[in-house]
Structure formats: C-alpha cells, structure tokens
Amino acid sequence: MAKSPDPDKSSAENHVSGQSNQPLTRPAHALTHEQVAHELRADVQSGLTGAEAAQRLKDLGRNELGEEEGVQPLKIVVAQVANAMTMVLVLAMAVSFGIGSYIEGGVVAMVILLNVVVGFFQEYKAEKTMDSLRSLSSPTASVIRGSEAIVVPSGEVVPGDLVEVKMGDTIPADIRLIETKNFETDEALLTGESLPVRKRADDIFDDNTGPGDRLNVAYSSSTVSKGRAKGVVFATGTYTEIGAIASALNKKDSRVRPVKRKPDGKAGPHRYLEAYTLTLTDAIGRFLGVSVGTPLQKKLSQLAVFLFFIAVICAIIVLGANEFNTKKEVIIYAVATGLSMIPASLVVVLTITMAAGTKSMVSRNVIVRNLKSLEALGAVTDICSDKTGTLTQGKMVARGAWIPGKGTYTVELTSSEPFNPKEGNIMFTQSKPYEISFRSQSEKDGEKDTDKGLITSATQLLTDSKHRLQDFLTVASLANIATVLEKEDGWHARGDPTEIAIQVFASRFGKNREALMKSESGAGEWKDIAEFPFDSDVKRMSVIFKNNHTNEHFAFTKGAVERVIGVCTRYCNSDDENAETEMTDAFRNDILKNMEVFAGLGLRVLALASRKLPADGEFTEQTNRDLVEQDLTFRGLIGLYDPPRPESAPAVRECHEAGIAVHMLTGDHPETAKAIAIEVGILPKSMDRVSAEIAAAMVMTASQFDALSDDQVDQLPVLPLVIARCAPSTKVRMIDALHRRGKFCAMTGDGVNDSPSLKRADVGIAMGQAGSDVAKDASDIVLADDNFASIVAAVEEGRRIFDNIQKFVLHVLAENIAQAVVLLVGLAFKDKTGLSVFPLAPVEIVWIIMITSGLPDMGLGFERAVPDIMRRPPQPLKTGIFTLEFFVDMVVYGLWVAALCLGAFVLRVYAWGDGELGHNCNESYSESCDTVFRARATTFACLTWFALFLAWELVDTRRSFFRMQPGSKLYFTQWFYDVWRNKFLFWAIVGGFVTLFPVVYIPVINDKVFKHTGISWEWGIVFIAAGLFFAGVELWKWAKRVYFRRTAAKKTGREWKDMDIEERVFGDYLSGYSSSDSRLGLTGRD
C-alpha cells in the first residue's frame, strides 16, 4: 500500500474525498481498477490472506464511523450536579453546616442527593434505550480471502479486501468496482437521489468528480438494487464518503471567543481582554445552564440564579430586621427565608416528568435520545420534512397509462399495499390524457371523477381490447427484470422500484413476467434471449424475447419518452390488428402533450415500444443495440408515482390544526413535489386563490432558493413550503432562514444527506428503520416506525409535558412565594429579646417543598393531555411557560396562601393564645414556647393542605376544579372522577395528608426536628382556612374565564380552535380571509 510521507496528512480530518485510508497516487475513481488493486497490494483473484487482513485491521482500524463513546455515567453525574438549581442548594447546605445547624444541613444534603440519584438513573436509562437502538448499517460482508468466499462482520473489512455484492446487499465500505453485471445501487442515503445509479467498472473520471458522478465506485451504506458486482475495498470507517460526513458532524465548535482585529490584523490589549472576559462569561453560563439547552431549560436555570439572588436579599432583610445580630437562631431564620425561595424539587420533578414522557413516547414508536428535546417539541412552529420514505412510502406505483388507438387507463389504490395487483380500481376512458380533467384526491372531496371513466375489471378490459392493451402489457412485463410474487404472508417484490411498479401494473391483467416465461408444463410463451440494460446516455432499456409458439423474435423497449419516440417510426391508431401507421411530428407532439399532463400530476412518465425482428437476423447481447432500438412501434405511456403514506395527510392536517407549518424539502422534480404536497395538504387546495408572488415563494427549486441572498430570503412574503431538487446545504439554509424569523423548527430525515440539517434544527427527528447511523447520531428523536404521523404523537406528547411542566412549576413557585411572604411578614413577630420568631421552621419548609409537594408535582407531570391540546397555536418561545397569566397566577395564589397561613398563625397566637412568643423558640422547645410551637404546627398544617389542594386546582388552570369537564352531566360528582383519573396524583395527595400526622404528633420528630408540637382544637382553624382557600381560587378562575372570553370576542369573535384549517394556515395568503395579525394573541382554550 502507498505510504503517506506525513502520517498526520492521512488523518480523517485531512482526508480527501475518493482517497484511501492511506492515500493513493490519485483518488480511486481516477485510476483503473488494476492500478487501484496494485497500489493497495490486493489480489483480485484470491483476495487477501487471513494474516494480511488481520494485520491491516490492526494497523488501519475497524470499519466503523469513529469511536462510539457509549453511555458515560460520569458525564451524566456531572451534568446532574453542574446546574444552577443544584448549586444553590449546595450553598444553602454549606451555610447550614457552617453555623452548626446539622439537622437543616442534613435535610438539604438529602434533597441534593435525591435530585442527583433520580436524575442520574433516569438519564442513564434514556441513554441506554437509545444505545440499544443503534445498529450497524451493514452487519456482515461477503469477502474473498485466501481464494475462499467467507462472510465477516462489516467492522472487520479492510482496504484491499475483495468484496462480492449482489441485489439486496448493503455495501460494507467504499469499493472500486472491478466487474459489474447489470449493477445498480441506491445511493439515496448519501446523495439524496431517489433513483438507482447504474455503475460501470471500466470508466475513469477526473480527480475532482463529485461523489454522485463516480460511476466506478460503490459507497458504504448504499444498497444494491439490481445485479451483482465485485470490487476492491479502498476506504473504510471515517475515510469513506459516509464517514467523512460523520466526522464533519462530530467536530466541536470552538468555545474561545475570537479576538476582534483591525483590517491590518492587529488588535489592541482591550480586544484581548474583551475576548477573555466573554469566554469566561460563556463558560460560567454553560456551567450554570443559563446559556445552553432549550428555551425552557435556559429559563429555569436563569430562574434559579434569579431566585438565588432573591434568597440572598431575603436573608439580608432578615438580618437587617434583627439588627444584624449574628446569633445562631437569627442566621437559621435567614437560611429558612432563603430556602423558602428555592424550588428544591424542581430539578428532580422536571427530570422524572421528562423520563416518564420518554417512556410514553416509546409506546408510540418514538425514541427520545435525551431528555432535553422532549419539552422542546411543544414549542415547534415548523417541521421541515423529507418526502421520500417519510411523507411517502418510498415505493413507486403505476397510476396511469395511455395506449394510442385505445384510450387512458387510471389506477386508484384503495389500500396501502403497493405490491398487491389485486388491490385498487381500474378506470378506462377512450379519451386522451390532455382531454381529461384530472383532479387530485384533495380536490375531489369524495366526488367521483367521471372524466377518468367507469371502474372496470381487468378481465373485462382485456376482453374489450383486441390487440392494443395486450401488446402494451407484453412490453411492460417483459422489458422488465423485477419480480412480483405472492407468498403466504402477502405480496412481495424484488428489483428496481420503477420496474416493480410497471410489473405490478402488468400483473393486474394477469401478465406477470413469471407467468409469461413459465407454464405448468415447462417453458412459457416467451423465452429471454438478450438484455440491453438501461443506459444513462440513451435513457432506454431493451430486451429481446423469442415467442415459443411462433419462433419469432421481438424487441421490447422502455425509457424516457423523448428518447423512445425518437426511435419510433410507427404507432397504432386503432385496436385493429393491422392498424400501424407512420409516426408524424404532429403525433409526436401529441405524445409530449399527454406526457406533460401526467407529469403535471406528479407522475414519472415512461414510454413503451416494440417491434418484430427480422427472421434472418441473429440477435445476442453482443449485438449493437442501435440495430435493435430502431424502427420501433410506439405502444403507449405509463405514469408512476411514489404514493404518500395513508396517514401522512391526516398527520399534516393535525399539524396545521396545532398551528405548525409543514415544509417539504425533497430532491424530486418540482411538479412531483408540488403534486404530493397538495395531496397531503402541505399546499392549499385553492392555489388559484394565491397571488402569483406568494405562489412563486411557496414552491421553489433549490437553485432558485440558493440563488437568493439571506436578505432576499428574509424579504420573501412566505418561506417556501416546498423546495424541490433540494441539496443538503439548501436544507441547512432553510433552517437558518426559519431561525432568523424567530421560528422553532424540527427537521425529519433518514439519509446521511439529512444529517447536517438534523443537527442544525432545534429538534432533529431521524428514521429508526431506514435511517443511517449518522442521521440517528445527529438527531434528537428517532421514529421507530419511520412514520411521519408519529411526529404528531411526539408533538402532542411534547405539548402535554410543556403544559404539565408549567403546572408544576407554577405550583412550586406559588408555594415559594407563600413561604417567603409568611417568613418576611413573620419578622414582625419578635420575642422578649427582640429577635424574630419564624412562623415556619426551615425543616418544615424543605418538607413541604420536597416531600409534601414533591409527589403531587410529579403527579401533575403525569397528567393526560387536555382535549384541545392540538387545536391551539404553539407556545411562543420568548415567553415559554412564563407567560403573563403564569406570573399573575403565581402571585395571586402565593399571596392568598400566605394571607391564610399568616391569619392562622395570628389567630392561634393572639386571638386564642396568650400572645406570648417565648424565648429562643427558633432553637428549641420550652414551656414558654408552647403557644409558638402550636401556632407553627397550625400554620404548617394549613400550608400542607393548601399545597395539596393547589395541585388539584392546577390540573386545569382555568376551568373550575368542580367542572373540569364542561359537557359532563354529573354536576355534583364529576370532580371525583377527575381526581381519580390521575391515580398517581390522587395517592400522592392522600400520602401528603397521611404524612402530616406523624410529623405533627411523634415526639422528638415534632419538637426537635420540625420545631412544632401536637395540636387539637386548632384543626378547626385549618378546616375553615381550607374552605376559604377553595373559595378564593375558584373566584379567581371564574374571573379569568370571563376576562379571556371577552378578550377573544373583542378581537375576532372566535378563538383559534374555532377557525377553519385553511384560515389558520393559509389565511394570510388566500383571498377572502383577513390578516392573521389579530389572531396572534388568541388563546387555545375557553
């Protein structure tokens, strides 16, 4: 093997496309296969020896896409500790231990440990789930070693290996082809090209030839769609074309801010200081989590930092109110007040809610690779989707055929079985395609399209035709090497998708290739003599068959319409036997006119032709194909299309109902893409109501879009809903354009060419079955069933979690406000020594936050989605969960709870007590502290109940707790069914009630740890306060409902969920609808 003079230059980072692991004199595609074999020291007859292969494996490494880090527990632990919320708790713990408050410090330490342990196991479990999904794209390879053909794991393939591949195999590495036989590969994963590529082993190309045009090379991870081949491996692992993309994706962006320099390259000292300062600030921001993650994660981290400063301010206020006395009990009061502002349970509840959501998603065929992306789905405003295999089935289907002298045949499928020739209806009319008013499925609205003719059985159509249909079907079946057969478990097909579709069409009429070539007695009607495979230069393929009944030889040809009619000299103008007539320019134009009609429907159109060969000629595969492909008789056109998945249109509609725009980014022809987009609902049915300027922006080709500058893209009235002939760079530009418009986008894809955009998108969604490992690694979410409709389930789950996170964060923060207000107002309660007596002890506060409220918060995280969750617009990213309504609710609920708790404390101390605040009651129990300890227990019981009841009230933030189902007939008992529906929340609240009594009444625990004592008649205060709590919250909810109904009525008279789908999605662009500006502020609920 050629050695590199500099080992560093042979690294994957400096690897040149088309080169070997250790560079050759020129890229492999620019050398003959003999030269490649010579430089690689490969034996093209016997292959490498076992010893040589083992040595190369040791020297050059395994055939894998880099070192897989796998699940790293240490990184997960660090991530759980290194966040703002945990760091705040660590500081509180340190202060508690520092002043000798070991009980309080120990409780906070347990809270931290619980957060880290639960978070670690949930994150670890999620990572292991995804780790088990990853699989090698080519698990085994057939290689020749020591003159023997053996099967080895693809990871053990080395440069110089002689590899044999056949139809259906996955290429294990980049190979330079040595010999081919009708060899075609599907390179859609790498290049995005949906049609198979025919390879030629003897061709040589320039050094700078692009990967898609290197026809003498077969690429790793591509699949063989036809024929067989032999080749020598020249690149493995990250040195392959697919590996180069993987390496580019794994490069880390520099985290060091660049120094701003003058045009001459110089920079002043202040510029270096600026760069260093910004780099340090970035590092601190990443550590605290305030500058990384999804919008919600950033906001929660910023909230933790903000609350930390509020806690410090509260502590200073406490110290100030006590004249900065440094006694232990004063500092304990300050710590208690600080802790009251820390939402300690937030991190663990957030993690558990995310993990539960992840498990729920698995049951809906969606694998979430990390917990961070799940809540982001709730904010998705745009989905950029590939077409082939995502919105469509990735399987060609014949939809129409035109036979001159006979008429037009149309096939309408009635099932999702494209290989089953018994499914679907056939309609026939004597009209030509351009005489028929074709309408897409979305335009028919359930009406029969009588222009296409009446539904007729295949048997009847054959009976009604004398010759023309039979001649057409013979060409369709025999100019074709695909196989369609029925097994016990259904219909199966092998071969090129285009040929499979044509073979299925012929099989509808009983003209299956196998049936024509074989019979029960042995030989069938036709015998295969020679094949002239499809050639990209002539864009035709032909076969020669012998009729076993007449011993006559026929040539059957199919190919691109323009190329086929160019070698046709005759056509049939009627169904009679002798109906052939000379081809004219006028009729050729007629053919092209019909082709354009089919193409306008998004169909790929091929022409079929045939002729009887001279009886005195000898025809073999060595015959000049020009002698065969001449003087043909034109037989007709056939139109094929890649059908959408049956669930794609409903899924797109549900996305639109949810206020999510769907963009199709595909490599297909513009007309094909447009037709599919209209059929699945990405484009409006009423395109004629869209202005020319808007319509031009809605559908663009990649060349048109890429020709625009970023400023011109930003000035477009609407970003394209369809981009055809799309390249990977175009997809990335589209995502960047969406980001500049403030959108939060998800990108779906399966191929390697989708990977850069998957990584750039806010949520990357890869395919689990057809997707490459590179695409999965670049994604956040993987669809286990490769179904676009599963994205709807993912978005719904994301929104549910988004809602639930908002509920439990509101629950936690409202309690924090209540506790902080109680303690700050409690500064006014001073004992004989002039020191403040806290109404709530530090351990009581942590107990309520973590134990009493922790499980109900989790229960709120498990709440099912509200019925209209997919009929409202996405939550704006700028606000996230922290909407104006959220903040107002937080303050109202917090102050109301605080007022009731303070009222209970005051009543017990001053109204029904002696008003005595005792001595040193913040530190320990004494007889003089009995009133304070009982009042503290009363306040603690009130706050515990309010925390539990508030969780039930927040199940629905607007509807009454007693009428969460407005349509229910159970006017007085519906609330019981609602609380029982979420059993986790029900038992969490019951558990909160039960655990209240031990901590109030068990000796030592109550007076030593919680700083309160048992109560008796004080429960009357608690019951009355609970009734007032419900009354206040219900009154506030009623006021909100009235306000939002009136606000919506003033704006448009309707809410988002009541609008027509086209009005929501395309209302700004269709005539007859007013601007959506007035709709932006609408809410999705009543």
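Structure shown above.
The notes below deal with the structure included here.

Reading guide: rules and limits
Residues numbered from 1 in each chain as written. Predicted model: local features only at pLDDT ≥ 70, side-chain atom pairs only at ≥ 80, totals over all residues. Heavy atoms only, no water. Pairing = 2+ DSSP bridges. Helix = DSSP H or I, 4+ residues; strand = E, 2+ residues; numbered from the N terminus. Axes fitted to C-alpha atoms, helices over the stretch in contact; angles between N-to-C directions. Patch = residues over 30% accessible without salt bridge, like charges linked within 9 Å, V, L, I, M, F, W, Y side chains within 5 Å. Areas by Shrake-Rupley, 256 points an atom, 1.4 Å probe, with all protein chains shown as cover. Salt bridge = Lys/Arg side-chain N within 4 Å of Asp/Glu carboxyl O. Expected span 1.5 Å × (residues − 1). Buried < 20%, exposed > 50% of the residue type's maximum accessible area, 1.4 Å probe, protein only. Disulfide = S-S within 2.5 Å.

1. Concerning the sheet that holds strand 8 (residues 366-368)
Phase 1: Spatially, eight strands are ordered 8-30-29-28-9-25-27-26 in an open sheet, and the strand pairing comes out mixed. Both outer strands of the open sheet, strand 8 and strand 26 (699-701), are each paired with one neighbouring strand and no more. Neighbour to neighbour, the strand axes of the sheet diverge by 20 degrees on average, direction disregarded.
Phase 2: Judged from the two bridges that link them, strand 25 (residues 661-665) and strand 27 (residues 722-724) form a sheet pairing that is parallel. When the bridges of strand 27 are listed, Leu665 appears paired with Ile723.

2. Concerning a nonpolar patch on the surface
Phase 1: Taken together, the side chains of Phe976, Tyr977, Trp980 and Trp987 define a hydrophobic patch exposed on the protein surface, amounting to about 460 Å² of accessible area.
Phase 2: If one sorts the elements of the nonpolar patch by residue count, helix 34 (residues 974-981) sits on top with three residues.
Phase 3: With respect to the secondary-structure elements, Phe976 resides in helix 34.

3. Details of helix 35 (residues 983-1001)
Helical geometry: 3.6 residues make up each α-helical turn, so side chains three or four residues apart lie on a common side.
Phase 1: An ideal rise of 1.5 Å per residue puts 27 Å on 19 residues; helix 35 measures up with 28 Å between its terminal C-alpha atoms.
Phase 2: Those residues of helix 35 that fall on the buried side of the exposure criterion are Leu985, Phe986, Ala988, Ile989, Gly992, Leu996, Val999 and Val1000.

4. Considering the pattern of salt bridges
Phase 1: Using the criterion set out here, one finds 38 salt bridges in the structure.
Phase 2: Within this structure, Arg364, Glu796, Glu797 and Arg800 form a network of salt bridges that share partners.

5. Looking at the state of the cysteines
Phase 1: Evaluation of the coordinates by the stated rule reveals one disulfide.
Phase 2: Here Cys921 connects covalently by a disulfide to Cys929, the sulfurs 1.9 Å from one another. With the S-S bond torsion at -95 degrees, the cross-link from Cys921 to Cys929 turns out left-handed. Just as Cys921 is buried, Cys929 falls in that class too.

6. What about the environment of Arg369?
Phase 1: Among the structural elements, Arg369 can be located in the loop between strand 8 and helix 12 (372-376).
Phase 2: We classify Arg369 as buried; its relative accessible area is 13%.
Phase 3: Residues Arg369 and Ile765, spaced 396 residues apart in sequence, show a C-alpha to C-alpha distance of 9.9 Å.

7. Considerations on the pairing of strand 9 (residues 382-385)
Phase 1: The side-chain alternation of strand 9 yields two buried faces, one formed by Asp382 and Cys384 and the other by Ile383 and Ser385.
Phase 2: Of the strand pairs in this sheet, strand 9 and strand 28 (residues 745-749) are connected by four bridges, and their pairing is parallel. In the strand pairing of strand 28, Ser385 is matched with Thr748.

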